[in-house]
Structures are given as C-alpha cells and as structure tokens.
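What follows is each chain in one-letter form.
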Amino acid sequence: MKKIFLILILLTYFNSYSQEKKIIYSDENLNELTKEKYISNPLRKRFFEYKTENDSLIIYTRVARNKVGRISKNDLIKIKDQLLNTSKIKIDSSQTIVINFYPGIDNCNKGPGNSTINALYNKYIRKISKRKDVAEFFIYKQIEGTNTYPRKTKWLKDSQQLIEKTFFKFHYPCFSYVIIRPNGNYYSKRGEYMITEILEKI
C-alpha cells in the first residue's frame, strides 16, 4: 500500500486527537511530494490541481495536462479486447488507437452545443475515417451530454472503467484523448482540446 494511503487511514482513525488538518502533496500516481517539489515547474508545464479533503487531512494532487508513457503488452491487449467487445471492430496489430474520452457533464462542456465545434467534429471524423492505419473511438464515462455532439459520433461506454483507470484517473474538464501506438507508447492530453489537433499528432 502506498505511503500516502497509510497516512490517510491513520489520520482518519486518530482524527479526534488532532484539531489541525495535515496537508500532503502528491503527484498523479499519489506518490508523496515535498511542497517545494510540488510547486516547482522548471519546464513550465501546464497542470491541473485536485484537492481531496476529509476531517483531518488535505491532499493536493498535481496532474500535467500532457503525458507521454507506455502501457504494458497485457494492458494493450485488454484495451483492444474491450474496444472489440463494445464496438465489434477488430484492431489490427499495426494500427494506432485514438480514444476520445468524455467524462460527463461539467462546467466546460455543458450547454446546448455549438455549430462551429460540431463542424470541426464532422471534419475530423471524415478525415480520420480515411486513415486505415488508425482505429478511432469515442468513449464515455457518463452518457449525459453526448447528444450535443454530431450524430456521426458513435459513442461507446467504458463499461469496465478500463480507459478511465489507465489514462484518465481524474475528471478533466470537457474531454481528453489518448493516442496509443502499436508498441504501447502513448501520448495523452487531459482536458479541453481542439479535436482537429489529433490529426497533427498521429
């Protein structure tokens, strides 16, 4: 068990013995950081900050908007199997996977929709559908709000929360996407983005 969770349990248990809340800083994997390392940003990256709080503890978690990484061969197989089961589309071993992830309604994406955004989505869908080297999917956590996007968008449920747990552990505003290469290397952008930028990344 990670050190940060052990601290959380202990502080919750002994809450009655303390009047002042303990503050902990962590990275997105919930590894504890010093305050100095938490606030440092030499590369000037863009971050989201999440605050978790109970009666005795406050945890500040910093998450970079963009992330580059690699998933295991086993995780890649699981993702392909889930996408196949929900979409009935078989992903070739040479194809790059693109997943647009919708977390549900929030302040960023609520509203009746936008004709300009819908036009960009339609343009994107037309172009990416011509790419035989790409398997592209729109995945949702919560279906509410997806009806404001173009009808051509085929939504699939993240039924086992596999995509969320692997790439999008926090609620990022609007939408997020991940591009997964055949070898498991991936690039993800968490939070609001222009849909057509994916075409530049692949």
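A brief report on the enclosed structure follows.

About the thresholds
Residues numbered from 1 in each chain as written. Predicted model: local features only at pLDDT ≥ 70, side-chain atom pairs only at ≥ 80, totals over all residues. Heavy atoms only, no water. Helix = DSSP H or I, 4+ residues; strand = E, 2+ residues; numbered from the N terminus. Expected span 1.5 Å × (residues − 1). Buried < 20%, exposed > 50% of the residue type's maximum accessible area, 1.4 Å probe, protein only. Arc of directions from axis to C-beta. Contact = heavy atoms within 4.5 Å. Disulfide = S-S within 2.5 Å. Polar contact = N/O pair within 3.5 Å; in protein donor to acceptor, adjacent residues only side chain to side chain. Pairing = 2+ DSSP bridges.

## Focus: helix H3 (residues 73-87)
For step 1, the next point in the chain: The end-to-end C-alpha distance of H3, which contains 15 residues, comes to 21 Å, matching closely the 21 Å that a straight helix rising 1.5 Å per residue would cover.
For step 2, the next point in the chain: Turning to H3, its buried residues number three or more, namely Leu76, Ile79, Lys80, Gln82, Leu83 and Ser87. Each buried residue of H3 lies within a common arc of 160° when the element is viewed along its axis, so the set occupies one face.
For step 3, the next point in the chain: Packing partners of the buried residues in H3 comprise strand S6 (96-102), strand S7 (134-140), strand S8 (155-157), helix H5 (162-167) and strand S9 (176-180).
For step 4, the next point in the chain: Phi for Lys88, located one or two positions after H3, is positive at around 65°.

## Notes on the state of the cysteines
For step 1, the next point in the chain: Tallying each qualifying case throughout the model produces one disulfide.
For step 2, the next point in the chain: Residue Cys108 pairs covalently with Cys174 via a disulfide, S to S 1.7 Å. The sign of the -85° torsion about the S-S bond sets the Cys108-Cys174 disulfide as left-handed. With Cys108 in the loop between S6 and helix H4 (115-128) and Cys174 in the loop between H5 and S9, this pair connects stretches of sequence that are 66 residues apart.
For step 3, the next point in the chain: Cys174 gets classed as buried once you look at its relative accessible area, which sits at 10%.

## Some details on the environment of Tyr193
For step 1, the next point in the chain: Position of Tyr193 relative to the elements: it lies in the loop between strand S10 (185-190) and helix H6 (197-201).
For step 2, the next point in the chain: For Tyr193, a relative accessible area of 13% translates into the label buried.
For step 3, the next point in the chain: Between the C-alpha atoms of Tyr193 and Ser176, which are 17 residues apart in sequence, the distance is 7.3 Å.
For step 4, the next point in the chain: Setting aside chain neighbours within four positions, we find Tyr193 in contact with Asn100, Phe175, Ser176, Tyr177 and Ile198.
For step 5, the next point in the chain: Here the side chain of Tyr193 touches Asn100 through a polar contact of 2.7 Å, side chain to side chain.

## Observations regarding the sheet that holds strand S1 (residues 22-26)
Sheet strands pair via backbone hydrogen bonds, and the direction of the pair is either parallel or antiparallel.
For step 1, the next point in the chain: Spatially, four strands are ordered S2-S1-S4-S3 in an open sheet, and the strand pairing comes out mixed. The sheet is open, and its two borders are formed by strand S2 (32-33) and strand S3 (47-53), each paired with just one other strand.
For step 2, the next point in the chain: Strand direction decides the pairing type here: S1 and S2, joined by two bridges, are antiparallel. Across the sheet, residue Tyr25 finds its bridge partner in S2, namely Leu33.

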